[in-house]
Amino acid sequence: MSPLLLLNVKEPKAPERTVVVAGLPVGLFSDQLLALLVKSHFQDIKNEGGDVEDVIYPTRTKGVAYVIFKEKKVAENVIRQKKHRLARKARHAELTVSHFSDKIFSSVNAILDLSVFGKEVTLETLVKDLKKKIPSLNFSPLKPNGRISVEGSFLAVKRLKESLLVRACSLLEKDRNFTSEGRKWNRQNPQRNLQRSNNSLASVRTLVPETARSGEMLVLDTDVFLYLQHKCRSYESTLKKFHILSQEKVDGEITTICLKSIQVGSQPNNAKHVKELIEEWSHALYLKLRKETFILEGKEKKEKRMIKWACEQLSSRYPEVLINFYRTHIDIIGSSSDTYLFKKGVMKLIGQKIS
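The protein is annotated in an unreviewed UniProt entry as RRM domain-containing protein from Colobus angolensis palliatus.

Pairing is antiparallel in the open sheet, where three strands are placed in the order E9-E11-E10. Each having just a single partner strand, strand E9 (216-221) and strand E10 (244-251) make up the two edges of the open sheet. Here the average twist between neighbouring strands, direction ignored, is 20°. Relative to strand E11 (residues 254-261), E10 runs antiparallel, the two sharing eight bridges. Bridge pairing in E11 links Leu245 to Lys260. Where helix H6 (residues 222-231) meets the sheet, its contacts fall on E9, E10 and E11, and the angle it forms with E9 comes to roughly 105°. The sheet strands contacting helix H8 (residues 270-288) are E9, E10 and E11, and the helix crosses E9 at an angle near 10°.

Counting buried residues in strand E3 (residues 64-69) gives six out of six residues, a clear majority hidden from the surface. Residues Val64, Tyr66 and Ile68 point to one face of E3 and Ala65, Val67 and Phe69 to the other, with burial holding for every one of them. Relative to E3, strand E2 (residues 52-56) runs antiparallel, the two being bridged by four bridges. Across the sheet, the residue bridging to Ile56 is Tyr66, located in E3.

Inspection of the entire model under this criterion finds 10 salt bridges. The salt bridge involving Lys73 is made with Glu71; its shortest N-O contact spans 3.8 Å. On the basis of relative accessible area, Lys73 is assigned to the exposed category, the value being 52%. For Lys275, the salt bridge identified is with Glu216, shortest N-O distance 3.8 Å. Note that Lys275 is positioned in helix H8 and Glu216 in strand E9, a separation of 59 residues in sequence.

Take the nonpolar core next. Leu228, Leu259 and Ile278 are the most contacted members of the largest nonpolar core, which totals 23 residues. Elements with a contribution of two residues or more to this core: E9, H6, helix H7 (233-241), E11 and H8. Broken down by element, this core gets its largest block of residues, six residues, from H8.

We now examine the packing of aromatic side chains. Under the defined criterion, the tally for this structure stands at three aromatic pairs. With 6.3 Å between their ring centres and 75° between their planes, Phe42 and Phe69 make a pair best called edge-to-face. Taken together, the positions of Phe42 in helix H1 (residues 31-43) and Phe69 in strand E3 put the pair 27 residues apart, joining distant regions of the chain. Here the two residues Phe42 and Phe69 agree in accessibility, since each one is buried.

Cut-off values and rules
All residue numbers here refer to positions counted from 1 along the written sequence of the relevant chain. Reporting in this predicted model follows two pLDDT cut-offs: at least 70 for local features of residues, and 80 or more for side-chain atom pairs to be given and counted; totals over whole chains, interfaces and linings ignore these cut-offs and use all residues. Side-chain descriptors were evaluated using all non-hydrogen atoms of the structure, hydrogens and water having been removed beforehand. Note: two strands are recorded as paired if DSSP finds a minimum of 2 bridges between them. The numbering of helices and of strands both runs from the N terminus, where a helix is a DSSP run of H or I of at least 4 residues and a strand a run of E of at least 2. Between the N-to-C directions of two axes lies an angle of 0 to 180 degrees, each axis being a line fitted to C-alpha atoms and, for a helix, fitted only over the stretch in contact. Contacts were defined at the residue level, with two residues in contact if any of their heavy atoms lie within 4.5 Å. Exposure categories follow from relative accessible area, calculated using a 1.4 Å probe and restricted to protein chains: below 20% of the type maximum is buried, above 50% is exposed, and the middle band is partly exposed. Here, a salt bridge means any side-chain nitrogen of Lys or Arg that lies within 4 Å of a carboxyl oxygen of Asp or Glu. Here, the term nonpolar core denotes a set of buried Ala, Val, Leu, Ile, Met, Phe, Trp, Tyr and Cys residues that are joined through side-chain atoms within 4.5 Å. Working definition: a ring pair exists when centres of Phe, Tyr or Trp rings (six-membered ring for Trp) sit within 6.5 Å. Plane angles under 30 degrees give stacked, over 60 give edge-to-face, the rest tilted.

Put into structure tokens, the structure is as follows:
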């Protein structure tokens, strides 16, 4: 699998008027003819359709097209109609339609623990500065324990995390200087100075992984990282090829990765090069991946076992789909068509209709 090959595919420029159409029959027609069939279907009033500005096909994912309407309300009407089937010549292929903006990574929630800054900064002032710096994010009220919930686009949350890490690294460096100076001028009670400095360092170190202080750091969406780690061979092979140690810290929906060269005498820019490669791969996956979730919480034990069994049965049929089992739910991550077909297969095995 090579995500780099996916980067040059055209993307819709009007997401509010664009729908994602999955389930197209692959291999029956040429790409041009299939695009014409899709356009004809969604221009038909019987299908709640209207004037189509453009159909983008092929896309990054096999069997998935982007349909751009001239009016936003037509896109919304099309999505409201649950069932869409192509013409007879297309074997009445059953389609699934969703908003282009419904990609799983368009919005994430993250819980930040700002208490790691200790007494070095006033947390209320810090939050105020962050709100001003990244106004697109929504912040919950700051809790007494220093925790705060943040919601927004993945890129905005990523920017926030990187901003906090830079701030933490700055405090870390300041504390190092403080310790060094303290050893010089305070010979009478050095233990007191060292204790104060070490307490501050310990709190900041919980936010800044060890490798970050001498290597390269990047922030990814956790779902993207898990897919990259478990489904893309290029991740581990590249780390091994360039002798890079990867230290990952999963924090809810955000994962921080720190890269450091472990081979003596290796090129100093190896870690930076690997970082750039991972950023390219993750960007491609960010645009390609979708997620379906099976909720287990509140269901009978028998139904939970059936859902898990169905997922395990289908796993070999869909090798490009990542299945993450949790106590309360199961996440299915993959391309639009694969996740849709996987979910459809699970519902069929457990005797339920897909919504």
